[in-house]
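Fold and contact review
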There are 2 protein chains.
Amino acid sequence: MHQITSQIRTVVPDVFRTMIRAELTCDVELEDQVSEPWPAIGVIGSVSFTGKMSGVLYLIFPEPLALFTTESILGKGPYQENDINDVVGEMTNIVTGNLKSKMCDLGFNCQLSIPTVVRGNDITIDTTIGNLALINSFKVLETNENLSVLIFATLEK
Amino acid sequence: MHQITSQIRTVVPDVFRTMIRAELTCDVELEDQVSEPWPAIGVIGSVSFTGKMSGVLYLIFPEPLALFTTESILGKGPYQENDINDVVGEMTNIVTGNLKSKMCDLGFNCQLSIPTVVRGNDITIDTTIGNLALINSFKVLETNENLSVLIFATLEK
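Residues numbered from 1 in each chain as written. Chains lettered and ligands numbered in written order. Predicted model: local features only at pLDDT ≥ 70, side-chain atom pairs only at ≥ 80, totals over all residues. Heavy atoms only, no water.

Some points on the interface of chain A and chain B
Of the residues lining the interface, 36 residues belong to chain A; the matching set on chain B comes to 36 residues. Contact between chain A and chain B buries roughly 2,600 Å² in total, counting both sides, with carbon and sulfur atoms accounting for 49%. Here chain A and chain B share zero salt bridges between them. Where the side of chain A that touches chain B is concerned, the elements lending two or more residues are β2 (38–51), β3 (53–61), α3 (81–105), β4 (110–112), β5 (116–127) and β7 (145–155) of chain A. Here the element with the most residues in the side of chain A that touches chain B is β5 of chain A; it accounts for twelve residues. Tallied by class, the residues present in the side of chain A that touches chain B amount to 14 nonpolar, 17 polar and five charged. Judged from the eight bridges that link them, β5 of chain A and strand β5 (residues 116–127) of chain B form a sheet pairing that is antiparallel. Its bridge partner being in β5 of chain B, T127 of chain A is matched across the sheet by T116 of chain B. (Contact = heavy atoms within 4.5 Å. Buried area = accessible area lost by both parts, 1.4 Å probe. Salt bridge = Lys/Arg side-chain N within 4 Å of Asp/Glu carboxyl O. Helix = DSSP H or I, 4+ residues; strand = E, 2+ residues; numbered from the N terminus. Nonpolar A, V, L, I, M, F, W, Y, C, P; charged D, E, K, R; others polar. Pairing = 2+ DSSP bridges.)

Here you go:
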């Protein structure tokens, strides 16, 4: 298991517990390395980082989980696509910010870019050769859905 | 017209002329500001940047244009999805690197992250409130298709 994976498995449940009081469990048996373009559906937040750790982190929300997260933060809806995108972008920003802090403690300082949100039903996400590609999936007990966390990164030696 | 737009309208045709000897023309009458999530189809490269200019640049290739670009660089195919993704990622890297250099001359220094590639047929791309969102579309004369360049950014005063 890569050191970034062990940080993500701490950070992501912590952020969701704090922000929306949801319990996330990770399948620790699952392999964390990705070798093919990763298929994704739903609302996908991303935040990039540059520095001694350079790359991008994606939080992949199935649509009902994106709505559940929005209602947990803003109260009962209805909500527009824009509102949900803002919440998904902000959750991705918080997760990446927390990961940045942990990786900084390990000597991999970096700066964060702005959050963006991609939506679609038949997406693949890829990086170019040579970058580290890690996937982690978390079950959200309250909704019985999975949040996936995909990260592409290079670490400076 | 934003100063980033005027740089993009120089950089993008320059890179395509140098790399694949294609002529790109830009519809200069087109409004460059985006206020809604942007719809995209095809092969979409992205590279992020942090610093005095922070954000992400997307190169949106229709699939035939992505293949044309790959064959112009690597020679006649056939090519796997991975090969095309690598070329789209690299073209996005070169465009963003050139934009970085121009913006650096204007005082907006930044560092680049790694290239990633998203594919899909029914995608929207959004950013959170407050970021600059600019679109530019270029006709590629050789293929009669459009390359779109979407950029989300914040500039530090």
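Some words on unusual backbone geometry
Residue and element names in this part refer to chain A. For the bond from G77 to P78, the omega torsion is 10°, close enough to zero to count as cis. Along the polypeptide, P78 turns up in the loop between α2 (63–74) and α3. For N144, which is not glycine, the phi torsion reads 55° and is therefore positive.

Overview of helix α1 (residues 3–20) of chain B
All names here are of chain B. Look at α1: 26 Å from first C-alpha to last across 18 residues, which is about the 26 Å you get at 1.5 Å a residue. Listed in full, the buried residues belonging to α1 are I4, T5, Q7, I8, R9, V11, V12, P13, V15, F16 and I20. The inward-facing, buried residues of α1 abut β1 (24–26), β3 (53–61), α2 (63–74), α3 (81–105), β6 (132–140) and β7 (145–155). Once α1 ends, the next one or two residues include R21, with phi positive near 50°. (Expected span 1.5 Å × (residues − 1). Buried < 20%, exposed > 50% of the residue type's maximum accessible area, 1.4 Å probe, protein only.)

Some remarks on the side chain of N131 of chain B
Topologically, N131 of chain B is positioned in the loop between β5 and β6. Note on N131 of chain B: relative accessible area 16%, which makes it buried. Side chain to side chain, N131 of chain B and T127 of chain B meet in a polar contact 3.0 Å long. Here the side chain of N131 of chain B touches T128 of chain B through a polar contact of 3.3 Å, landing on its backbone oxygen. Those residues within four positions of N131 of chain B in sequence are excluded, and the remaining contacts are I114 of chain A together with A153 and T154 of chain B. (Polar contact = N/O pair within 3.5 Å; in protein donor to acceptor, adjacent residues only side chain to side chain.)

Notes on the confidence of the model for chain A
Overall, the prediction assigns chain A a mean pLDDT of 94, with 100% of residues at 70 or greater. Across the assembled chains, the prediction reports ipTM 0.92 with pTM 0.95. (pLDDT = per-residue confidence, 0-100.)

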